[in-house]
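One-letter residues, chain by chain:
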Amino acid sequence: MTDRNRRTLIPLAALAGLFVLLTAWMDPWRMVLSTVFPTLDKVVYPLAPFRRLVAEHILLVGSSSILASTAGLCIGIAVTRQWGREFLPAVNALASMGQTFPPVAVLALAVPAVGFGFKPTVIALFLYGLLPVLRNTIAGLQTLDPAVLEAASGMGMNPLQILTLVEIPLALPVIMAGVRISTVINIGTATLGATIGAGGLGKPIIAGLIGENPAYIIEGAVLVGLFAILVDGVLGIVSRDRADG
Amino acid sequence: MIELSCVTKRYGGVTAVEELTVTVADGEFAVLIGPSGCGKSTTLRMVNRLVPLTSGTIRVDGTDVGSRAPEQLRREMGYVIQSVGLFPHMTVAGNIAVVPSLLKWPRQRTEARVDELLDLFGLDPSSYRDKYPRQLSGGEAQRVGVARALAADPSILLMDEPFGALDPITRETLQTEFSRIQRELGKTIVFVTHDIDEAIRLADRIVILREGRLIQHDTPEKILTHPANRFVLEFIGSDRALKRLSRMKTSDHMRPTASVKVMDSLAGAGAIVMRNGFAWVTCGEGVVRGRLDGQTLTGGAATAGEAMIPVNRGLEVIPADASLREALSRMVQRGLRNAPVADEKGRLVGEISLEDILEA
Ligand SMILES: Nc1ncnc2c1ncn2[C@@H]1O[C@H](COP(=O)(O)OP(=O)(O)OP(=O)(O)O)[C@@H](O)[C@H]1O
Ligand SMILES: [Mg+2]
């Protein structure tokens, strides 16, 4: 582990502690929010404990991000192989266009296709999270030093060995940056899942918006924010560690 | 042995190599040379199947390379390129160990081999083994590049302008180092360059190409004395006589010489000087100290050491393993007709004269 990583580890651990505390324990919320909003009769979201909402959120983001990263990596590898190269321009165009497509629209399109709940949200998050991974995988694999690749094949590595021993290790920092962006975006976007009944930390936010209860909104937003910063930090450390060999 | 017969390579309408027939014998150092774009790299890369042939055949040790699995074939041939292409995510040891690990050598054998190669290239294993390529100088990186190519002890080495990106001093160091290593290892080498001096210095035989075609295939001496045509003549340049001298070793052209000791009496030394015209004066271990000739005898000194004209050891003594070109250069610079030749310890082993060089 590098010095830089060791330095970021302590604030990250503190943040993780705070996140666990605020997830498991309602009292701090009640204390702080009732002084901030003395006129509200309920300041803590009553319909589900935060640990359940966090668990639902992790499930949404975890499953969609794992799927998106795997698929993005595979497609990115495929279109940079000799046999898949003809699809590269099309995939590239799709990836950059898809990025401009608002996530709510993806969600709206997914509902009629698969109905309400967990599934359409995972599909929407998957599609949305796929793009950064895909784009970075392609970029990472295409910007490798040609001399290194020539040396690899000149030494008698077969295509699979070149991919696994040379290309992926060298492109990994860029690929990991894509995974990081994709996952962090999905943590935020997943709150929209609450609108179609997927649960998660979007629930208090939506409830707060509808019932005009800012305390609920703050609860959801703070937990989502902490979660996103935490995941970003962890993935940052993982990718830096790899980059430093 | 590498045999190219009627090898042709076309890229669309461009003919990169045309009907090339060349044989490289076992243990031979063959240099491919020619102007940029004449098909040197293409030829080299057809040997290890990085580039497919359009027509013709290439045999290595009698087997058509087209019938071999490319990966298998490449693991049996070292390949070195100008831009080195070390794997930046692997240490020096990891880079050198690539082919051994592809061949599934046991770890101990690989480790021993890595250290042996680092030693061979003058890189201390304990300090270089765990470095990353970005921590190496250009010269060190290319040494590792060549070591990596030699890792699994291939009998054939293909090298595409390996020293082309290095500064002149480093390049010369690596050339010298590499020809020493080659003398030890006796590999069959195909080496691409566009530096004629490098070719003359290293090659057993030179293949001159122009626009994909063979122009001349001969020893450096033959190419310098009998260039096949104007193109070759222009390619080797107007100083071809000097270039020829750079292929010749002083020790092969020197002649025995007369010497006296520093402590010898001048009278005794005088007889030798009279007979010979002059004599070199050496001290106890045979190290050259000075020179006696007719004029120095008349000064009235008692010993040869007192009478001699001192010789500048750095400038006026020719090392036995220096080329005749270097010998000539030193003699012209110091205005000498004769110069003593000494071994690496400075001991007199002979003498060389301008006449000897002109007749060489
Ligand atoms: N992949 C390729 N596609 C099309 N043409 C090529 C390709 N590789 C080489 N050529 C052409 O083949 C010819 C020979 O190229 P090659 O690289 O063998 O030259 P070279 O002698 O190595 O030159 P240099 O000294 O500049 O390295 C050139 O005209 C080049 O443009
Ligand atoms: Mg070339």
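All values derive from a computational prediction rather than experimental measurement.

Secondary structure assignment for chain B yields 18 helices and 17 strands. For the C-alpha atoms alone, the extent of chain B along its principal axes is close to 80 × 50 × 35 Å. Taken across its 360 residues, chain B has 50% of its residues classed as buried. Long-range pairs, those at least 24 residues apart, make up 60% of the contacts in chain B between residues at least 6 apart in sequence. Surface exposure of chain B reaches about 16500 Å², of which carbon and sulfur atoms provide 49%. Here chain B contributes 45 positively and 46 negatively charged side chains, and the mean placements of these two sets differ by 3 Å.

Looking now at the side chain of Arg 74 of chain B. Residue position: Arg 74 of chain B is located in helix H2 (residues 70-75). The buried charged residue Arg 74 of chain B lacks any salt bridge partner; its closest oppositely charged side chain belongs to Glu 71 of chain B, at an N-O distance of 4.6 Å. At 2.9 Å, the side chain of Arg 74 of chain B forms a polar contact with the backbone oxygen of Arg 49 of chain B. Apart from the residues lying within four places of it in its own chain, the contact partners of Arg 74 of chain B are Ser 153, Gly 154, Met 155 and Gly 156 of chain A together with Asn 48, Arg 49 and Leu 50 of chain B.

Residue and element names in this part refer to chain B. In space, the 4 strands of this open sheet follow the order E2-E1-E4-E5, with antiparallel pairing throughout. Among the strands making up the open sheet, the edge pair consists of strand E2 (14-24) and strand E5 (63-64). Pairing between strand E1 (residues 2-11) and strand E4 (residues 55-60): 5 bridges, direction antiparallel. Paired with Ile 2 across the bridge in E4 is Val 60. The sheet strands contacting helix H1 (residues 40-47) are E1, E2 and E4, and the helix crosses E1 at an angle near 120 degrees.

Our focus in this paragraph is the pattern of salt bridges. Under the defined criterion, the tally for this structure stands at 25 salt bridges over all chains. Each of the salt bridges in this network shares a partner with another, and the network as a whole consists of Asp 239, Lys 243 and Arg 325 of chain B.

Here we take up the packing of aromatic side chains. Applying the stated criterion to the full structure yields 9 aromatic pairs over all chains. Note on Trp 29 of chain A and Phe 50 of chain A: the rings are 5.7 Å apart at their centroids and 85 degrees apart in plane angle, and the pair reads as edge-to-face. Within this pair, whereas Trp 29 of chain A is found in helix H2 (residues 27-36), its partner Phe 50 of chain A is found in helix H3 (residues 50-80), the two being separated by 21 residues in sequence. Taken individually, Trp 29 of chain A and Phe 50 of chain A each receive the classification buried, so the pair is uniform in this respect. The structure contains a cluster of three or more aromatic residues connected by ring pairs, namely Phe 29, Phe 163, Phe 178 and Phe 191 of chain B.

On average, residues of chain B carry a pLDDT of 92, and 100% of them reach 70 or more. Both confidence scores are given for the complex: pTM 0.84, ipTM 0.84.

Residues and elements named next belong to chain B. Reading across from one edge, E6-E7-E8-E3-E9-E10 is the order of the 6 strands in this open sheet, with mixed pairing throughout. Both outer strands of the open sheet, strand E6 (77-81) and strand E10 (213-218), are each paired with one neighbouring strand and no more. Averaged over all neighbouring strand pairs, the angle between strand axes comes to 15 degrees, with direction disregarded. Pairing analysis gives 5 bridges linking strand E7 (residues 156-160) to strand E8 (residues 188-193), with the strands arranged parallel. Residue pairing for E8: Asp 160 is matched across the bridge by Val 192. Strands E6 and E7 of the sheet are contacted by helix H7 (residues 138-150), whose axis makes an angle of about 160 degrees with E6.

Residues and elements named next belong to chain B. Viewed as axis vectors pointing N to C, H7 and helix H8 (residues 168-185) meet at an angle of 20 degrees, and their least axial separation amounts to 11 Å. With respect to each other, H7 and H8 are oriented roughly parallel. For H7 against H8, the interelement crossing comes out right-handed. Taking contact as the criterion, the partners of Gly 139, Gln 142, Arg 143, Val 146 and Leu 150 in H7 are, on H8, Thr 170, Thr 173, Leu 174, Glu 177, Phe 178 and Leu 185.

Looking now at empty space enclosed by the protein. Counted by the stated rule, this structure contains 4 cavities of 30 Å³ or more. By volume, the largest cavity amounts to about 80 Å³. Along its surface, the largest cavity is lined by Ile 2, Leu 4, Leu 20, Val 22, Val 24, Ala 30, Leu 32, Thr 43, Val 47, Val 190 and Val 207 of chain B. Here the lining of the largest cavity takes 3 residues from E2 of chain B, the largest share from any one element. Each pocket or cavity is described by its volume, and for the second largest cavity that value is around 60 Å³. In this structure, the second largest cavity is lined by Met 155 of chain A together with Arg 74, Arg 75, Met 77, Gly 78, Tyr 79, Val 99, Arg 148, Ala 149, Ala 152 and Pro 154 of chain B. Elements that contribute at least two residues to the lining of the second largest cavity include exactly H2, E6 and H7 of chain B. The biggest single contributor to the lining of the second largest cavity is E6 of chain B, with 3 residues.

About the cut-offs
- Residues numbered from 1 in each chain as written.
- Chains lettered and ligands numbered in written order.
- Predicted model: local features only at pLDDT ≥ 70, side-chain atom pairs only at ≥ 80, totals over all residues.
- Heavy atoms only, no water.
- Helix = DSSP H or I, 4+ residues; strand = E, 2+ residues; numbered from the N terminus.
- Buried < 20%, exposed > 50% of the residue type's maximum accessible area, 1.4 Å probe, protein only.
- Contact = heavy atoms within 4.5 Å.
- Areas by Shrake-Rupley, 256 points an atom, 1.4 Å probe, with all protein chains shown as cover.
- Lys, Arg positive; Asp, Glu negative; His and termini not counted.
- Charge placed at Lys NZ, Arg CZ, Asp CG, Glu CD.
- Salt bridge = Lys/Arg side-chain N within 4 Å of Asp/Glu carboxyl O.
- Polar contact = N/O pair within 3.5 Å; in protein donor to acceptor, adjacent residues only side chain to side chain.
- Pairing = 2+ DSSP bridges.
- Axes fitted to C-alpha atoms, helices over the stretch in contact; angles between N-to-C directions.
- Phe/Tyr/Trp six-rings, centres within 6.5 Å; stacked < 30°, edge-to-face > 60°.
- pLDDT = per-residue confidence, 0-100.
- Parallel < 35°, antiparallel > 145°, perpendicular 65-115°, else oblique.
- Left-handed = near helix turned anticlockwise from the far one by under 90°.
- 1 Å grid on protein atoms, 1.4 Å probe; cavity = no way out; pocket = protein on both sides within 12 Å on 5 of 7 lines; lining within 4 Å.
- Points joined across faces, edges and corners; volume = space filled by probe spheres on them.

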